[in-house]
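Listed below, chain by chain, are the residues.
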Amino acid sequence: RDRGVVRWKMEPGTAFALLPGALDGSNRHRGVRRCPRIAMSSTIPFRKYHGLGNDFILVDNRHSPEPVLSSSTARQWCDRHFGVGGDGVIFLLPPSSPEGHFGMRLFNSDGSEPEMCGNGIRCLAQFAADIGAVESGQTKLNVDTLGGLMVPEIKGEGMVKVDMNQPLTEPAERIPVDFGSGKNTGQVGPVEGKVYDVTAVSMGNPHAVIFVDDEAEFMAVDTALESVGSAVEMWEREPGTRSFPAGMNVEFVLAEEGGAKARVSVWERGSGRTMACGTGACAVVVAGVLGGKLQ
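In every chain, residue numbers begin from 1 and rise along the written sequence. With pLDDT at 70 or above as the cut-off, local features in this predicted model cover only qualifying residues; side-chain atom pairs require 80 or more to be listed or tallied, and sums for whole chains, interfaces and linings still use all residues. To get the side-chain values, take all heavy atoms of the structure and skip hydrogens and water.

Caption draft 1: Structural view of the pairing of strand β12 (residues 185-191). One bridge is not enough; two strands pair if DSSP finds at least two bridges between them. Here a helix means four or more residues in a row that DSSP labels H or I, a strand means two or more in a row labelled E, and each is numbered from the N terminus. With five bridges connecting them, β12 and strand β13 (residues 194-202) associate as antiparallel partners. Bridging across to β13, Q187 finds its partner in D197. Once β12 ends, the chain turns through two residues before running back antiparallel as β13, passing E192 with a positive phi of about 50 degrees.

Structure (structure tokens):
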């Protein structure tokens, strides 16, 4: 601690844990964020991984079924200016079912906790292998998540494949989505003058998939994603009744090459704009095929 600047030793893959409140900005002086004097009693090793730019902080938490960090501390770690930086913090836990090899929990960058994450579980599988937690020769892992049992497969050379299980499109309340019709399809808007047709899909976590008409609309939505994505996620079909009661990951999609290809702009619940979303990619294909937009 020197003149209001937090300093901590950065060994490869290791950071000192900052106690809750250390970076909450509660102590300020002349515009400089100060930290209270804190006693460092331990270090928390971590590693940083990404799947297609969807980046996470990975922590070996196998000694306890509960994450070693609180959601508020995880939010501080994810701060890209004052923390490590990331879309979330993922904890490798002991299994919670007889079939599981490991458990997984995740705090998003805003401190919220999703059911699971497709790119996140790929990073988790590689992390488990890298730290020697996976038995020699074992490639498939059963991972207990809040969204159910998921099975990533380590393919080698940094590649991990995930069996995402069956997508869920009904009943609507299990996604969950409420368009007032009991169906997983409906409309949201007007949002910035546009009414969107939405297909809701659960891949263990909820997604609202929206196909746009052309390149110009896709680029306009992508430019305004922070406002449009948030407005769609928080949309109320009537005052006090949200269409997406548990929040929603939102994908804006442009079908190309006759439906053989899709471009996607991703607004993730709890993280905002991200470079990629594994479960979102799967949800886009499901919605696109069912709606005749994709092959």
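Next, the rest of the story.
Caption draft 2: Structural context of the pairing of β13. Two strands pair when backbone bridges link them, and β13 and strand β14 (residues 206-211) are joined in this way by four bridges, in the antiparallel orientation. Within β14, the position partnered with A200 by the bridge is A208. Here β13 folds back onto β14 in antiparallel fashion, the turn holding three residues, of which G204 has a positive phi close to 95 degrees.

Caption draft 3: Structural view of the sheet that holds strand β9 (residues 143-145). The strand order across the open sheet formed by seven strands is β5-β6-β7-β8-β9-β10-β11, and the pairing between neighbours is mixed. Two strands close off the open sheet at either side, each with one partner strand: β5 (47-51) and β11 (159-163). Strand-to-strand, the axes of this sheet are offset by a mean angle of 35 degrees, without reference to chain direction. Looking at chain direction, β5 and strand β6 (residues 54-60) are connected through five bridges and run antiparallel. Each bridged residue has a counterpart across the sheet, and for G51 the counterpart in β6 is N54. Throughout, a contact is declared for two residues whenever any of their heavy atoms are within 4.5 Å. Each axis is a line fitted through C-alpha atoms, taken for helices only over the stretch in contact, and angles between the N-to-C directions span 0 to 180 degrees. Helix-sheet contacts for helix α1 (residues 71-78) involve β6, β7 (88-93) and β8 (102-108), and the interaxial angle to β7 is about 125 degrees. Of the strands in this sheet, β5, β6, β7, β8, β9, β10 (148-156) and β11 touch helix α2 (residues 118-130), which is tilted by about 135 degrees from β5.

Caption draft 4: Spatial organisation of the environment of R62. With respect to the secondary-structure elements, R62 resides in the loop between β6 and α1. Given a relative accessible area of 36%, R62 falls into the partly exposed group. Dropping the residues within four chain positions of it, R62 is found in contact with L92, L93, P94, F102, I131 and A133. As used in this structure description, the phrase polar contact means that two N or O atoms lie within 3.5 Å; if the pair is within protein, one of them must be able to donate a hydrogen and the other to accept it, and residues adjacent in sequence are counted only when both atoms belong to side chains. A polar atom in the side chain of R62 sits 2.8 Å from the side chain of D60. Exposure classes here rest on a 1.4 Å probe applied to the protein chains alone. A residue is buried below 20% of its type maximum, exposed above 50%, and partly exposed in between.

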